[in-house]
Amino acid sequence: MKENEKRINESSKHEQLDHYRVDDSGKDLTTNQGLKMSEDEFSLKAGERGPTLMEDFHFREKITHFDHERIPERVVHARGYGVHGEFEVYESMKKYTKAKFLSEAGKKTPVFVRFSTVVGFRGSADTVRDVRGFATKFYTEEGNYDLVANNMPVFFIQDGIKFPDIVHAIKPEPHNEMPQASGAHDTFWDFVANNQESAHQVMWLMSDRAIPRSYRMMQGFGIHAFRFVNEDGKAHFVKFHWIPKLGVHSLVWDEAQKIAGKDPDYNRRDLYDAIEKGDYPEYELGVQIIEEKDEHNFDFDILDSTKIWPEEDVPVQIIGKMTLNRNVDNVFAETEQVAFHPGHVVPGIDFTNDPLLQGRLFSYTDTQLIRLGGPNFHEIPINRPVCPFTNNQRDGYHRQTINQGKVAYHNNSLAANTPATVPKEQGGFEHYQEKVEGRKVRARSESFKDHFSQAKLFWNSMSEPEKMHIKQAFAFEVGKVKNKAIRQQVVDMFANVDLELATAFAKDIGATPPAKGGSSVTKSSPVLSQENTMKTAVTRKVGVILNNGFNDMDVKTIFDTLKEVGLHLEVISEKQGEVTGENGVQIMVDHTFTTTDSVVYDALYIVGGNGENKKFHMETTKFLHEAFMHYKPIGATHDGKKWLVENEMATSKGVVATDDINKFATLFVEAIAAHRHWDREII
Ligand code: HDD
């Protein structure tokens, strides 16, 4: 079988990476030239107390390499976390696209996914209010296909030329480099108020979507209209959606801020741990498809990246599933060096004239050139296609391929004009021959100029708790703006979306509430609300507060039942080591009150025990109060019930307190599946 006919399967990328994976343990220490070294602790000196000698090549090599360990971080999406996985097709997409990786049900393709925040530097916290990146590289038999997506379906701007403007505005302010990883400052809101195309995306950014509970519980959106092109050359517009099987869930703002201090790695830890435990995150791939003849049949421009295609009008068709099943071996080699690009396409997937997409098509290769130090970044193991790649490009920094022969040009006769181009019938890429006509202008289409209708559609689609969170987010974010005029401009701008919203946060930030305004749009799109998402307790993390003398027989049974449902329990007590139940059963303590915090759990289960002291009592009360304020499910049995009584929480929503162990397990799991209990009265 010829190499380029080799069948690609879900293991292909790992087989390739295996050639580069190295395990240093048990090996001799050598220089980079392979010289075994007898000493690595001391530099070479003229006398034991003398100066280090120039001839110490080992010292120089070691320090020089260290001095050059860092590369520039990504200008945006600097903080990210990558994992491997596979994509499997449910249903052949041949009718719409000739892309081979989508051509038959059951077909599997290896993938690499990098999740990220956008604004913060590489060492910033995970749980900041921000858009999340969700970039997927499919290693297909026809080359790499990158779906470089975000967890929100719209973008701040409509034209790529404005990308440096939005990024300069939202990044820390240049005179003092504050605030880190946050939009809560003057320049961002000045940008928003003076670039009203951002209205829709800002609504999403102020919503719970900006503080995902987990990368495993967030959607991904390709945002742009792309094109599917089939074997007959017929094209359709297409939008891509990733839909997590665990549903879409978020933190609450107070919790997110506290986690940023308690565990800045919260989202990456969650992903890493889930994969290590075998709880492989799964996402279904959905497509929305619009026929070319319907391009102009919507009350928005389908090429405008500040617009969704409402799912009620253009349904999402589920076509496959991605499973993330392996952590990286080395974060720098894989996650940091991976290079995505929306322009990495395969035959059957093509671009549209969305001016934001067009801008992206330039930016991504350009940024890799500076970030990865030259034009050969495609040779870095994580970026290499699993199919052969050959052309006449040569040389440059860090070139690894040793091209044999002397011909590196077209047309040639010395190598029979190879590497040869491939006719489209045999899999060669041919750009879709869209007919384009027009004058050269720097302008924006009239059809892109309605900035508020879909922002209002989003607002209309929110449940009451979600609306409350949006109001609170505006009050927080715009409340941090020092310039009063900008605060007022933001209020006046969002009065165009909804009067109640703008009035609510105007009051909180000392601005004048708007006298009139509000969009007349009454339509809503229920799928946009997280209240309508998939609800399950599977893989949720429960903190169990336990002390010596607990009712070990019942508690053991409850533990077993909860674990069977797929919950993960962490035992919290005063000291590490073991806690002993009343019948001598011992349970390992995972954390003390000092090494963990209520904010990192989805739910609390309070058991207590008879060995309690004042500190234990106070710490448990603190955990309980915080979990309650964050609307989390709370369970209590045995001695644990007394905390609920003391704190008047026993009858609150999402609180389960009973010694009937079967009933307890059933009700507690139900309460956890609900995620949060928004209708809880906060005392
Ligand atoms: Fe971008 C990175 C997503 C618009 C320029 N972008 C980047 C990443 C994601 C996105 C997920 C991180 C990839 C990774 O993990 O390595 N970007 C988007 C989405 C957009 C978008 C969904 C709008 C629909 N981006 C956008 C525009 C431009 C860029 C309009 C410039 C004209 N983006 C970049 C970049 C980055 C990048 C500067 C920084 C690091 C990188 O590319 O590799 O080129």
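The model shown is predicted, which means the values in this text are computed figures rather than measured ones.

### Concerning the overall build of the protein
Across its full length, the protein holds 17 helices and 18 strands. Across its three principal directions, the C-alpha atoms of the protein cover 90 × 80 × 55 Å. In the protein, which comprises 683 residues, the share counted as buried stands at 53%. Summed over its atoms, the accessible surface of the protein is roughly 31,900 Å², and 51% of this surface lies on carbon and sulfur atoms. When the 82 positive and 101 negative side-chain charges of the protein are each reduced to one mean point, those points stand 3 Å apart.

### Quick look at the coordination of the iron atom of the ligand
In ideal tetrahedral geometry, four donors around a metal make angles of 109.5 degrees, whereas ideal octahedral geometry with six donors gives angles of 90 or 180 degrees. Among protein residues, the single donor to the iron atom of the ligand is Y364 (OH), with a metal-donor distance of 1.8 Å. With respect to the helices and strands, the residue Y364 is situated in helix α9 (residues 355-371).

### Focus: the pairing of strand β16 (residues 603-608)
Within β16, 6 of the 6 residues are buried, which leaves the element mostly enclosed by the surrounding structure. Neither face of β16 is open: one carries A603, Y605 and V607, the other L604, I606 and G608, and all of them are buried. In this sheet, β16 lies alongside strand β11 (residues 541-546) in parallel orientation, the contact comprising 5 bridges. Looking across to β16, one finds that V542 is bridged to A603.

### A short note on the pattern of salt bridges
Scanning the entire structure with this criterion turns up 44 salt bridges. Residue E500 is joined to K471 by a salt bridge in which the shortest nitrogen-to-oxygen separation is 2.7 Å. Placement of the pair is E500 in helix α13 (residues 499-508) and K471 in helix α11 (residues 464-479), with a sequence separation of 29 residues. By relative accessible area, E500 is classed as partly exposed at 42%. Shared partners join several salt bridges into a network, and the residues in it are R79, D126, D263, D265 and R269.

### Quick notes on the UniProt feature "binding site: heme" (unreviewed entry) in the protein
Sites flagged by UniProt as "binding site: heme" (unreviewed entry) map to R74, R114, F163, R360, Y364 and R371. Its location among the elements puts R74 in the loop between α2 (57-67) and β1 (80-89). Once you skip the residues sitting within four places of it in the chain, R74 turns out to touch R114, T335, E336, V338 and R371. Among the polar contacts made by the side chain of R74, one reaches the main-chain carbonyl oxygen of T335 at a distance of 3.3 Å. According to the relative accessible area criterion, R371 is buried, its value standing at 3%.

### Points about the side chain of H185
The residue H185 is located in the loop between α3 (163-170) and α4 (186-194) in this model. On the basis of relative accessibility, which here comes to 4%, the residue H185 falls in the buried class. Looking at H185, its side chain comes within polar contact range of the side chain of E173, at 2.9 Å. At 3.3 Å, the side chain of H185 forms a polar contact with the backbone oxygen of S182. Excluding residues that lie within four positions of it along the chain, H185 makes contacts with A169, I170, K171, E173, P179 and V481.

Basis of the calculations
Residues numbered from 1 in each chain as written. Predicted model: local features only at pLDDT ≥ 70, side-chain atom pairs only at ≥ 80, totals over all residues. Heavy atoms only, no water. Helix = DSSP H or I, 4+ residues; strand = E, 2+ residues; numbered from the N terminus. Buried < 20%, exposed > 50% of the residue type's maximum accessible area, 1.4 Å probe, protein only. Areas by Shrake-Rupley, 256 points an atom, 1.4 Å probe, with all protein chains shown as cover. Lys, Arg positive; Asp, Glu negative; His and termini not counted. Charge placed at Lys NZ, Arg CZ, Asp CG, Glu CD. Donors = N, O, S within 2.8 Å, 3.2 Å for Na, K, Ca; no water. Pairing = 2+ DSSP bridges. Salt bridge = Lys/Arg side-chain N within 4 Å of Asp/Glu carboxyl O. UniProt positions renumbered as here; feature names shortened; annotations may be inferred. Contact = heavy atoms within 4.5 Å. Polar contact = N/O pair within 3.5 Å; in protein donor to acceptor, adjacent residues only side chain to side chain.

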